[in-house]
Amino acid sequence: MKTSFVQRMDLWARHLMPAVTTLLLVLVSAVPLGIPGYAQVSPAFTLMAVFYWAVYRPVLTPPSVVFLTGLAEDLVHGYPLGLTAIIFLAVYGVTTTQRQTFLTKPFFIAWGGFVIISFGAFLLDWTLMSLFSLAWIMPDTVLVRFGLTVALFPAMAWLFVRVHRYLVR
């Protein structure tokens, strides 16, 4: 049986959904909230998306999409070009190697995995930013940002699950 044009478009939209949600989070993370100091400690929403989709839909988020998302984040936030792309690719690579562990366990195991992997990502980010700026960056804001990211991951994962359910319908 031949698929209709509408069915093909629906399938195409479902396949793009992980990439679109991740790129949308790049824009959401750049929205100024008017809270003093928020820009320095804003949660890494895009990192959460990279981790989630690397675990649950890696086929729909290939490394090229992860790389382009990192470049987009660099451009939007004014980071050195390629910095976030490197970090996202590292997170994606580590996450996909441990994917089976996260898939077969309860959510808190995946959350723990996110804590460990994102800690490494924040450490790498802090190190590279210190090297790029040729100055010691105080780790206090990085630790607050890490804490907020880890604390908000369950709420963001809940949203990703809703999108994911739409994909498999």
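Before reading on, note that the structure itself is shown above.
Criteria and cut-off values
Residues numbered from 1 in each chain as written. Predicted model: local features only at pLDDT ≥ 70, side-chain atom pairs only at ≥ 80, totals over all residues. Heavy atoms only, no water. Helix = DSSP H or I, 4+ residues; strand = E, 2+ residues; numbered from the N terminus. Expected span 1.5 Å × (residues − 1). Buried < 20%, exposed > 50% of the residue type's maximum accessible area, 1.4 Å probe, protein only. Contact = heavy atoms within 4.5 Å. Core = buried A, V, L, I, M, F, W, Y, C linked by side-chain atoms within 4.5 Å. Axes fitted to C-alpha atoms, helices over the stretch in contact; angles between N-to-C directions. Parallel < 35°, antiparallel > 145°, perpendicular 65-115°, else oblique. Left-handed = near helix turned anticlockwise from the far one by under 90°. Nonpolar A, V, L, I, M, F, W, Y, C, P; charged D, E, K, R; others polar.

Overview of helix H5 (residues 83-97)
Phase 1 of the analysis: Taking 1.5 Å per residue as the helical rise, H5 with its 15 residues ought to reach 21 Å, and the 22 Å between its terminal C-alpha atoms agrees with that figure.
Phase 2 of the analysis: The set of residues buried in H5 consists of Leu83, Thr84, Ala85, Ile87, Phe88, Val91, Tyr92 and Thr95.
Phase 3 of the analysis: Each element contacted by the buried residues of H5 is listed here: helix H3 (45-56), helix H4 (63-77), helix H6 (99-103) and helix H7 (107-133).

Some remarks on the nonpolar core
Phase 1 of the analysis: Core analysis: the biggest nonpolar cluster contains 33 residues, and Leu47, Met48, Phe51 and Phe160 have the highest contact counts within it.
Phase 2 of the analysis: Of all elements in the fold, only H3, H5, H7 and helix H8 (139-168) reach the threshold of two or more residues within this core.
Phase 3 of the analysis: The element that contributes the greatest number of residues to this core is H3, accounting for 10 residues.
Phase 4 of the analysis: When near neighbours in sequence (up to four residues on either side) are disregarded, phenylalanine 51 contacts Thr95, Phe102, Ala110, Gly113, Phe114, Ile117 and Phe153.

Things to note about the packing of helix H1 (residues 5-29) against H4
Phase 1 of the analysis: Packing of H1 against H4 leaves a shortest axis separation of 9 Å and a crossing angle of 15°. By the angle class used here, H1 and H4 are roughly parallel. When you trace H1 past H4, the crossing you get is right-handed. Facing H1, whose interface residues are Ala19, Thr22, Leu23, Val26, Leu27 and Ser29, H4 presents Val65, Thr69, Ala72, Glu73, Val76 and His77.
Phase 2 of the analysis: Taken together, the residues of the contact of H1 with H4 break down into seven nonpolar, four polar and one charged.

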